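Single-letter residue listing:
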Amino acid sequence: WAWASPQMPVPLPADAPPGHVAHQRVRYDASKERATFTFHRIHFQTTIHKSGSQQAAEVLARACWMEFEKGKDKDDVLLFRDEWYERLGSEGSPGPSSSSTKARSKQPLPEPSKPAA
């Protein structure tokens, strides 16, 4: 296991193995504080703001790459990322907004309440 940061000992998802292509394809953009990659024309990113550290953003991005390699679609990988953001956020770094998670949920939204007559 890798850890989010020395100040935040939260386990991160399994990283890509040493020498794996994800280590070359995931790039850190310091000006925007995010790790990015493109997997078969699908652009993807993880951010320091939601991960808690540069290391966490990079490891999470590589873990997302591995999810794409398993055949998951972008919505599934976004949910995977957001679940990790929540885990990391529960330890002190900001997590995802509830609206972003709800927007990607594959479950139908409940019917709105009808006003009393």
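Data block above holds the structure.
Below is a summary of the structure that appears in this document. (Residues numbered from 1 in each chain as written. Predicted model: local features only at pLDDT ≥ 70, side-chain atom pairs only at ≥ 80, totals over all residues. Heavy atoms only, no water.)

The buried count for strand β4 (residues 34-39) comes to five of six residues, which makes it a mostly enclosed element. Bridge count between strand β3 (residues 27-29) and β4: three bridges; the pairing is antiparallel. Across the sheet, the residue bridging to Y28 is A35, located in β4. Taken together, β3 and the strand that follows it, β4, pair antiparallel across an intervening segment of four residues, in which E33 is found at a positive phi of about 50°. In this sheet, strand β5 (residues 42-47) lies alongside β4 in antiparallel orientation, the contact comprising six bridges. Opposite F39, over in β5, you have I42 as the bridge partner. Hairpin remark: β4 followed by β5, antiparallel, with two residues in the connecting loop; positive phi at H40, about 45°. (Buried < 20%, exposed > 50% of the residue type's maximum accessible area, 1.4 Å probe, protein only. Helix = DSSP H or I, 4+ residues; strand = E, 2+ residues; numbered from the N terminus. Pairing = 2+ DSSP bridges.)

Let us now look at the pattern of salt bridges. In the structure shown here, the tally under the stated rule is five salt bridges. Here R62 makes a salt bridge to D15, at a shortest N to O gap of 2.7 Å. You can see R62 sitting in helix α3 (residues 54-69) and its partner D15 sitting in the loop between β2 (8-11) and α1 (22-25), a full 47 residues away along the chain. Owing to a relative accessible area of 32%, D15 belongs among the partly exposed residues under this scheme. Of the charged contacts in the structure, one is a salt bridge between K72 and E67, with a shortest N-O distance of 2.8 Å. When salt bridges with common partners are traced through the structure, they connect E67, K70 and K72 into a single cluster. (Salt bridge = Lys/Arg side-chain N within 4 Å of Asp/Glu carboxyl O.)

The next point concerns unusual backbone geometry. A positive phi angle is found at H40, which is not glycine, with a value near 45°. Structurally, H40 is set in the loop between β4 and β5. Of the residues examined, H40 reaches a relative accessible area of 68% and is grouped as exposed. Positive phi values are uncommon outside glycine, yet R41 reaches one of about 70°. The exposed category is assigned to R41, whose relative accessible area is 84%.

Here we come to the nonpolar core. Grouped together as the largest cluster of nonpolar side chains are 20 residues, with contacts concentrated most on F37, F44, L60, C64, W65, F68 and F80. It is α3 that contributes the most residues to this core, eight residues altogether. (Core = buried A, V, L, I, M, F, W, Y, C linked by side-chain atoms within 4.5 Å.)

Contact geometry for α3 and helix α4 (residues 74-89): axes closest at 10 Å, N-to-C directions at 150°. The pairing of α3 with α4 is recorded here as roughly antiparallel in orientation. Along this stretch, α3 crosses α4, giving a crossing that reads as right-handed. Of α4, the residues touching α3 (which contributes L60, A63, C64, E67 and F68) are K74, V77, F80, R81, W84 and Y85. The residue inventory of the contact of α3 with α4, partitioned by class, reads eight nonpolar, no polar and three charged. (Axes fitted to C-alpha atoms, helices over the stretch in contact; angles between N-to-C directions. Parallel < 35°, antiparallel > 145°, perpendicular 65-115°, else oblique. Left-handed = near helix turned anticlockwise from the far one by under 90°. Contact = heavy atoms within 4.5 Å. Nonpolar A, V, L, I, M, F, W, Y, C, P; charged D, E, K, R; others polar.)

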